[in-house]
Amino acid sequence: MNTHALLSFVQNNYDFRRADLILSEENLKKCWKQWVTAELVHLFNGAEHVDIVQTEVHYLDAEIKGDNDSVGEKPLQNYLQYHRKTGVNVVVDKRSASRCDFGFRWKGSAQMFEIRCGSSVPSINKKELLKFEEDIERIDALKLKNPQLRITSLFAFYGIISNKDAVLFKAIDNGRRCTFVLDSSLEGSTSIARLSQMKRAGEPRLCLAAYSA
C-alpha cells in the first residue's frame, strides 16, 4: 500500500467530524496519539485485503534459517533496534527491539506505521514537527537495514496552515523527501497533495501527513 493509496482509503472511509471534535480539545492533547492510533486501527480492522491488525509491532531483520541438520527446528528470528545516535542494530532479544505504533498485513504484505500528533493553533509547533522528521529518519534507517520493510510515518495535526507555517515543511517535503498530506476540508483528488503545496488558511481541520520509506 503506497502513501497515496493509504490516504485515499482514510479519505473515503473515515468520518472526520470525530477527529475535529477530539483534536480541537486542547485539554486532550496528551491523549491525541493514543486516540488517533485507536481510530486508525479500528478503521483498518476488517477492511478489504487487510488482516492481522496489531499495535506495537516489532521491527524484524531478515530471517535466519536454522541448521539444516536439525529436523523440525524453527528458524531463528532477529529484530532491529534503532537509536538516533548509534543507528540500527540487530538484536536477538525481542524485548529490546524497536516497535512501530501499529501495523497490519495488506494483500499478504506487512505494513507498519509510526504516529505523531500536533496542532497548528496558533502556529505549527517546531518541536512537534521535529519529532515527525526524526521519525522519518528512523524509518529510513530501518528500511536501509531491511529493504523488505514497508513503513509509513504519519503526522496528524489540527488547525490552519499559514505561509509562515508552510516554510517549516521544507525539511520534510523537498527534492529528496516526498511527503503527502490529506486535507479533510477538501474533497476529491484535490484533498491529497504534496505537503509543501497544501491549502493555506481556511477553517481549522484535521490534516494527515504521510511519508513512506
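Everything below is about the structure printed above this text.
Just so we're clear, the structure is a prediction, and the values are computed from it rather than from any experiment.

Asks: Lay out the pattern of salt bridges with the relevant residues and their values.
Replies: Tallied over the entire structure, the rule returns 13 salt bridges. Among the ionic pairs, E137 bridges to R177, the shortest N-O distance being 4.0 Å. Remark: R177 occurs in the loop between α5 (163–167) and β7 (180–183) and E137 occurs in helix α4 (residues 126–145); sequence separation between them is 40 residues. R177 sits in the buried class, given a relative accessible area of 5%. Note that R194 and D173 form a salt bridge whose closest N and O atoms lie 2.6 Å from each other.

Asks: Outline the side chain of S119, listing residues and values.
Replies: Looking at the secondary structure, you find S119 in strand β5 (residues 109–119). Taking relative accessible area as the criterion, S119 reaches 7% and is therefore assigned buried. Here the side chain of S119 touches Y158 through a polar contact of 3.4 Å, landing on its backbone oxygen. Apart from residues lying up to four places away in sequence, S119 is in contact with W32, I124, N125, E128, F157 and Y158.

Asks: So, the environment of K29: which residues are in play, and what are the values?
Replies: As for its placement among the helices and strands, K29 is situated in the loop between α2 (16–23) and α3 (32–44). Overall, the relative accessible area of 32% leaves K29 in the partly exposed class. Once the C-alpha coordinates of K29 and S119 are considered, the two residues, 90 residues apart in sequence, prove to be 8.8 Å apart. Reaching out from K29, the side chain makes a polar contact with the side chain of E128 at a distance of 3.2 Å.

Asks: Tell me about α2, and please be specific about residues and values.
Replies: Looking at α2, one finds that the buried residues are F16, A19 and L23. One side of α2 holds all its buried residues, which, seen down the axis, span an arc of 55°. Turned more than 90 degrees away from the buried face of α2, the exposed residues are R17 and L21. The elements touched by buried residues of α2 are α1 (3–13), α3, β6 (151–161), β7 and β9 (201–212).

Asks: Which residues make up unusual backbone geometry, and what values go with them?
Replies: Residues other than glycine seldom take positive phi values, yet I52 does so here, at roughly 50°. In this fold, I52 is placed in strand β1 (residues 50–55). One non-glycine residue, E56, lies in positive phi territory at about 50°. Topologically, E56 is positioned in the loop between β1 and β2 (79–83).

Asks: So what's going on with the pairing of strand β3 (residues 87–91)? Residues and values would help.
Replies: As judged from the five bridges shared by β2 and β3, these two strands associate in the antiparallel manner. Within β3, the position partnered with H83 by the bridge is G87. Where β2 folds back on β3, the antiparallel hairpin that results is connected by three residues.

Asks: Describe the sheet that holds β7, listing the residues and the values that go with them.
Replies: Spatial strand order, β1-β4-β5-β6-β9-β7-β8: seven strands in an open sheet with mixed pairing. Either end of the sheet is taken by a strand with one partner, and the two such strands are β1 and β8 (192–194). Neighbour-to-neighbour, the strand axes of the sheet open up by a mean angle of 25°, direction not taken into account. The pairing of β5 with β6 spans eight bridges and is classified as parallel.

Asks: Hey, could you go over α1 for me, with residue numbers and the actual values?
Replies: Taken as a whole, α1 has its buried residues at T3, L6, L7, S8, V10 and Q11. The opening residue of α1 is N2, an N-cap whose side-chain oxygen sits 3.3 Å from the backbone nitrogen of H4.

How each quantity is defined
- Residues numbered from 1 in each chain as written.
- Predicted model: local features only at pLDDT ≥ 70, side-chain atom pairs only at ≥ 80, totals over all residues.
- Heavy atoms only, no water.
- Salt bridge = Lys/Arg side-chain N within 4 Å of Asp/Glu carboxyl O.
- Helix = DSSP H or I, 4+ residues; strand = E, 2+ residues; numbered from the N terminus.
- Buried < 20%, exposed > 50% of the residue type's maximum accessible area, 1.4 Å probe, protein only.
- Polar contact = N/O pair within 3.5 Å; in protein donor to acceptor, adjacent residues only side chain to side chain.
- Contact = heavy atoms within 4.5 Å.
- Arc of directions from axis to C-beta.
- Pairing = 2+ DSSP bridges.
- Axes fitted to C-alpha atoms, helices over the stretch in contact; angles between N-to-C directions.

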